[in-house]
Amino acid sequence: MAHTAQAWQELITDVFCPHVAVMCTRDAEAVCQKNNLTFVEMMRPFCQLTTEAHVRDAHNQPHVVKNLRLRFSEPSSEVPAMGVTKQAMHNIVLRAQPGGAIVPGSTLQVGNLTLNVLTPWFEAYREQYIQLLRVSDHEYIRHYVGCLFVVSTAHTRPMDAFVELQKRQQEMAKDQAYPKWLSPYVFYYFLLVHDVSRGEEDNAQSIFQSMKATFGQHSSHLLKINSRSPDASLPAGMPDPWGQYLNRPEHSAEEGEDDDDDDERIGVNAADPNSNGPAPASVPASTLAALATDDDAPSDPLQASQDPTTWHDPLSPHITAPIGETAIAGQAAQSTAPRTAGTSGESMHGQYLTVSDHDRLRIFVSEMAVRGLVPHIERSIRALTDQVNSKKGIQRTLYSATKKWFSGSNKPVIMQGQNYHADAAELQCRKLADLAFLVQLYDTAYNWYHTAKRDFHNDNAMLHYAGAVELAALSLFMQGAYRRDPQAYFEESVTTYDTVCKSQQFALRATFLFFEYLKFRGLYKEAATALIRMTSEETDLAAALLTEQAAICYLRLPTPMIRKYAMHMLLAGHRFKKAYQRQHALRAYSLALRVYQTKGWWVAEDHMNYIVGRLAVDLHELGLAHESFHQLLSHQTRLVAPHQQSLYLQEFLLAMKNFLIKSDKAAMEKSQASISSCIDIASLLPLAQFPKVDAQQIRVILPGVADSTKLLSLEEQDCADGPDAPAHPSSGSKLSAGDDEGQREELWLCMEELAARFTIAASQCSARNGFLAAGPAGFVWDVRLFGPNTPNGQHPRCAMGERVMVEIVLTNELQIPLMLTNVSLMWQLFPVALTEVAGSPAAQPPTVVAHEGDESVVCNTVPELTLAPLSSQPVCLSLTPQSEGKLHILGIVYTITEMSPAPQKEGTGRARSGTQRLSLASGLRCRQEIEPRGPRLNLTKDHRCSVMYGPDKRLQLSVYPPMPLLKLCFDEFPNSLLCGEVRHCIVKLTNVGRVALHGLRAVCPESQQIVWGDIKNRVPTRNGIYSTVGQSTPANASSTSESCRLRDKVWPCFPLSASSAFTAGGSSLSDESRRARVCVLDLPDDCLKPGNTVEVDCWIRGGALPGVQTIDTLMYFDVAGETALSHRVLRHTHHIHVAESIRVAARTRRSVALSGKDRDLDQVLVSVDIENLSQGDAASSPRFAIQQIVGISDKLSLASLKTEEAISLSSRETAYLHLKASHKAADINHVHISNISFTPGQDMVDSLAIPCMELFGQDVVAHPFAAAEPDIIDADCPASRTSSATPTAAPPSRSTLPSCVATPLGIVVLWEAKLHDVGGGERTAYGQYHMLVESLETPVSSATAHSSLVSSYSARAGMEGSSDASGAGPDELMVKASLRHPDRIQNNFAKKRLLAVSVELSLHNSHDATVEVEVVPVSYGSTASEADKGASWKANCGSTAFSWIGCVHRKLQVAAGEASTMKLRASFSRPAVYNLSGLKVLVREAAGGRVLEQRALAPSLLILEDSPASTAA
């Protein structure tokens, strides 16, 4: 809102005040020029009276005149040129820029927006516009009422000079149409200026006395100035009252460059007279200052050839007179008074004027006004009153009546009053009203204005009428008590000026006054309407100012209309831009953008962002330009077409390049010339925000992280990094990263800690630096990977000469492709000796910043990278530090180049598909700073009540002296395996560091089966997989059995403790995932020197389930010598595709068959099903052959039921094998190994040799016979090197099963298969499957995913005769019961109606304690479920219509492991098939113990046949 410190009444008195012409001699101007001022400029701060003046009206009533202000100006016979005047108005608005301290009341809070409503440029424009407005004949309020003649005492003939000036004034008033004088006899005042510094006081007094005698005492005055001598210094704090009135800043080079840029971009010829912008000529500062002041015109004419009788309004938009540099220079050369060579706009004003001189200036103005000018106006008012009253008699009445009778009804509109004589009563009435208004006689003025407007309206003189109505409205308002509403007068005046008279200039002046009145009344909506009505396409600057004020009016309503405010502010910015007011245009667009943001109006927001970006670049406001173009080019602007975004990007690149060329050329040359100045050249580049870089997703990969599926070959590494770059496994482009990165990182840290615990247990002594003596409690992890899901509280640690990879994901949110060239990292190095593992240097180290040619850090550069539209692409950058210290990665630098559509083909109107790259010269070199933040803090109350984040140090590296670095390469590592397939490969370990390493250990998770060989003693194997025994298998022997210490063959698995880095947030690993194995790899000479390589055998087994299998291997090694780090690690990850092979299922059950005369009730029947799961035809699918089955148990010995033959399975074929297991004496230190071969005539696989038994031990490590006790580890066994130390944590335990059902049997199935490669070749695959059968009647399978196969197998096994296919609990298998009787009996029931048969019930106690057995017969008529629980089909196996004879319900004691029999008799009455299993066996463990019902007897059938020759049992 137009804010001013003046009150509304003061504004009116300042605008409409008496005008006094000043005519000076050259000697008088020379006296004033000593103070760098003209006489008019010197008088400007003192033109307002500090005392009251008194005036009497026509009725002789006294009135007080307060705060009367005089306006001095030099009369000129010519109007200022239109172009120069517009330039002056343009500069006035340009100088009044926003900024500075916030003035109370200058801002307005609307919702969550704080908007600035202070517009000083509007007040400056309004005041200057009114003063530069042409003086018209239809009003006298701005005509000169007096003339001041100024002569100095230095003149040789001062009295003659006064007479000459007076004659010149009279000639000017008589012969020239301009300037305008109130009357031929204006008030004259004579001023004699005396320079005190020259002396000659007597001469000055004598001249002054002559003046009073000639011109009168009240028309003469002696003014003494320049009281300060030239040698005197200026006192401190001397006021400068001219500063706020004089604006003389030179036209800056920056503004000139901006104007040139506008002309070039918009294509407007600034010299075109029809253009609405400012004149393009370089106007001298002195001329601009003269035109920007309150003077009406220069003192001398602009061109001598101009016709003095005709002139035009300088503010009229219709004038098309060309104003060129010649005219401007001519006007500047013909300025009124010459200035001294030493004066300039920046010099101080009034340096020879003292405070006493200031008082003399005020006294002069007061005496001139009170004693001369006001009395002259008073006399003029009386004279004009008498004149008007005498002319308003009968003569005027008769004239009016005659004119009414004889004139037509259509009166012509009188525009300039040519039909009025100078002595016409109407004009005299208007002149009288203007004089009364000037001396604040507002009531008198209103009466005469009202009379004049009525006469003008009757005469149809509409221009005179509009002026009278305008001043009548002001007179009403200045009276205070309104007889009528001034608003109607104002509206009538503006409408008449605009629509009837077509005088836009006076209509705009009336609108300014009307606007101030409406503001005073608080009518903001009406004020906005009045302002908008005066906006037109002809004057852009005025339209912009009026539209801006209208927008602020909408904001000041009781209910702010925020959208109307934004819309009109947008229109104002557009008009400011057309008027070349870029600073104001930027401000207006920015204010409108604040309202439109986040409202979903994407098109409007894009338009404003584009304009704001262009204006900001032109004004060198790079921060705002970056923000605007980033919003413009972001993915949120979904409605922008790709070609439009391409234009936006080209505009941005071009503007930024031009700015860098102009502003940063000198700075770049200076920084490149002086490297020691530590100026960061990269920081001089502009900040870019596209493509988007998510700092939280950055991954830092240190040497020692390898992913074999993503690695480059050594030759590729050498080509990429040079022959001197140390190759390490992390040289690949991108390592696999998923959502489980944090979980995998925790697994790596746990494996590292396990290796450290193993080292402590093995060493049993303190190691160097006290690290191992402190134990894992003080353990520090060697973290190799820092990412978004890892704890980044510690600094990444690397050694000199090691390459560090930084993976950054770049996201192109635009709909057009982008090309980035020369992408590299921006870094900062603090050289300092790092003697501590953690901590900062004591003193601030020197800084070395990245610049061209610096070798302290070697960075790689990606030469070219293309980002597709709306896509993300990772880029891997690396750097190699060459000196010790702290290395901070600050961001990335790159050259961004837009990919534009290909040009059209000739002869076609359609563009070709595809893109072509612009030349690199069109790219922009820019930078992006990267600063990731840590996790949000939530530990204390302050953390929870505010948003605080912890530190993230992933980009702050600690560079240590050279250390060992291990490189791991697999020779023929498989990329695909079958489930259970075992593959042998050779691992090459190379020390690529600069220091020797020792204490090498390999750590693998429990779920991943990998076996390491011995570096020193390599074992020969058959086909590189298995070792064989020395003799061949006999043709008639299918199995061998032996005992061994299996615990020496099992690789112990240790539980992993939770890493402290993950303890705070809780571990994400399950108990099964937190187990791993450690293997010691004995190095030759116990160390690996730099550059040396060793080889070790390795066996890898495919998983049990198909899919992608991950093989994680952690190599842990110690650092030799006194270094800050005690150990280092190498992480290797390999991904293998696992395909289906075979499925193996097994089940054990108690045998019920008889062996000769004795029954083997403890014999166990083992059923093994093997199915080929591969799919396809027989020619392409693999064919599996079973080589050998190995049984492992400490209680059972596995054997074959018959001589086994070769087994070969095609696709989807299944083989059913039945084996038997016999109980053996249990030995806590030994287990029984049984080998059953299915390859007669060939050597058997040595199941005790590596890797067969090691793989089995890894798979069944949780079993008791596979868990090594600390006191029975045999150090002499070759396999014991993998468990040479006792783990600190106890091995896992499992619940003990009752001995009656426990069948601890491990089964290993060895197989081979013929595979067809893609290329048509053939290879042989070897593998093994492991199963652990722990209890009877419990089916197990090699693949838990095939649970449906296990269920079908269980059902099939039950149908074959098992009493319960689903298995039984241990309480139902304590006592095994079976019946013995004849199977078939013939009897003649006609002769012998009742047949008795003897039945023997055998009971075997499988429990390890004596039990009491109770036999209860099942009653007749009982249901099948009572006779046989869970098997309803058994009730129909035979008839139950028989009776037990004798004592059937019996009890007896059966000792542990003993058997007992019971004699029973059954009677039958007719032939049939009978089921005799209708007995219930109950067991009581001890006296008073619980009674347990055993599993129902198996069906026992008896067939009775009716025969004449029957035989009784």
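Structural notes, computed from the coordinates. (Residues numbered from 1 in each chain as written. Predicted model: local features only at pLDDT ≥ 70, side-chain atom pairs only at ≥ 80, totals over all residues. Heavy atoms only, no water.)

### Considerations on the overall build of the chain
Here comes step 1: Per the secondary structure count, the chain includes 33 helices and 60 strands.
Here comes step 2: Expressed as a percentage of the 1513 residues in the chain, the buried residues total 52%.
Here comes step 3: Contacts in the chain between residues at least 24 apart in sequence constitute 79% of all its contacts with a sequence separation of at least 6.
Here comes step 4: Summed over its atoms, the accessible surface of the chain is roughly 65,800 Å², and 52% of this surface lies on carbon and sulfur atoms. (Helix = DSSP H or I, 4+ residues; strand = E, 2+ residues; numbered from the N terminus. Buried < 20%, exposed > 50% of the residue type's maximum accessible area, 1.4 Å probe, protein only. Contact = heavy atoms within 4.5 Å. Areas by Shrake-Rupley, 256 points an atom, 1.4 Å probe, with all protein chains shown as cover.)

### Remarks on the nonpolar core
Here comes step 1: With 211 residues, the main nonpolar core has Phe72, Leu148, Phe437 and Ile808 as its most contacted residues.
Here comes step 2: Examining the composition of this core, we find that 13 residues originate from one element, helix 15 (residues 462-479), more than from any other.
Here comes step 3: Setting aside residues no more than four positions away along its own chain, Phe437 makes contact with Ile12, Phe16, Ile141, Tyr442, Ala445, Tyr449, Leu471, Leu474 and Ser475.
Here comes step 4: Within the second largest apolar cluster, 63 residues are counted, among which are Leu977, Leu997, Leu1217 and Val1333. (Core = buried A, V, L, I, M, F, W, Y, C linked by side-chain atoms within 4.5 Å.)

### Here's the deal with the pattern of salt bridges
Between side chains of opposite charge, a pair can form when the charged atoms approach closely.
Here comes step 1: Scanning the model with the defined rule gives 34 salt bridges in all.
Here comes step 2: One salt bridge connects Arg126 with Glu516, and the closest N-O pair in it is separated by 2.5 Å. Residue Arg126 is located in helix 5 (residues 120-132), and its partner Glu516 is located in helix 17 (residues 504-521); the two are separated by 390 residues in the primary sequence. You'll find Arg126 and Glu516 in the same group, each marked buried.
Here comes step 3: Taking the shortest distance from any N to any O, the salt bridge between Glu981 and Arg1323 comes out at 2.9 Å. In this pair, Glu981 is assigned in strand 27 (residues 981-991) and Arg1323 in strand 48 (residues 1322-1335), connecting sequence segments 342 residues apart.
Here comes step 4: Three or more residues joined by partner-sharing salt bridges are found here, namely Glu139, Arg430, Asp434, Glu470 and Arg509. (Salt bridge = Lys/Arg side-chain N within 4 Å of Asp/Glu carboxyl O.)

### Points about the packing of helix 21 (residues 582-596) against helix 22 (residues 602-618)
Here comes step 1: At a closest axis distance of 9 Å, the pairing of helix 21 and helix 22 adopts a crossing angle of 150°. As for the relative orientation of helix 21 and helix 22, their crossing is left-handed in sense. Here Arg582, Ala585, Leu586, Tyr589, Ser590, Ala592, Leu593 and Tyr596 of helix 21 lie close against helix 22, whose contacting residues are Glu605, His607, Met608, Asn609, Ile611, Val612, Leu615, Ala616 and Asp618.
Here comes step 2: A breakdown of the residues in the contact of helix 21 with helix 22 according to their chemical character gives 11 nonpolar, three polar and three charged. (Axes fitted to C-alpha atoms, helices over the stretch in contact; angles between N-to-C directions. Left-handed = near helix turned anticlockwise from the far one by under 90°. Nonpolar A, V, L, I, M, F, W, Y, C, P; charged D, E, K, R; others polar.)

### Details of the packing of aromatic side chains
Here comes step 1: Taken as a whole and judged by the stated rule, the model has 32 aromatic pairs.
Here comes step 2: Geometrically, the ring pair formed by Phe162 and Phe215 is edge-to-face, given 5.8 Å between the ring centres and 70° between the ring planes. Of this pair, Phe162 sits in helix 6 (residues 158-175) while Phe215 sits in helix 7 (residues 201-215), and the two are 53 residues apart along the sequence. Like Phe162, the residue Phe215 is buried in the burial classification.
Here comes step 3: Ring geometry for Tyr189 against Phe364: centres 6.1 Å apart, planes inclined by 50°, an arrangement best described as tilted. Residue Tyr189 is found in strand 8 (residues 187-195), and its partner Phe364 is found in helix 11 (residues 355-391); the two are separated by 175 residues along the sequence.
Here comes step 4: Through successive ring pairs, a cluster of aromatic residues spans Phe122, Tyr125, Tyr129, Phe512 and Phe515.
Here comes step 5: Over the aromatic face of Tyr352 sits the side chain of Lys34, whose NZ or CZ is 5.4 Å from the ring centroid.
Here comes step 6: The ring of Tyr1329 has Arg1101 lying over it, and the distance from NZ or CZ to the ring centre is 5.7 Å. (Phe/Tyr/Trp six-rings, centres within 6.5 Å; stacked < 30°, edge-to-face > 60°. Lys NZ or Arg CZ within 6 Å of the ring centre and 35° of its normal.)

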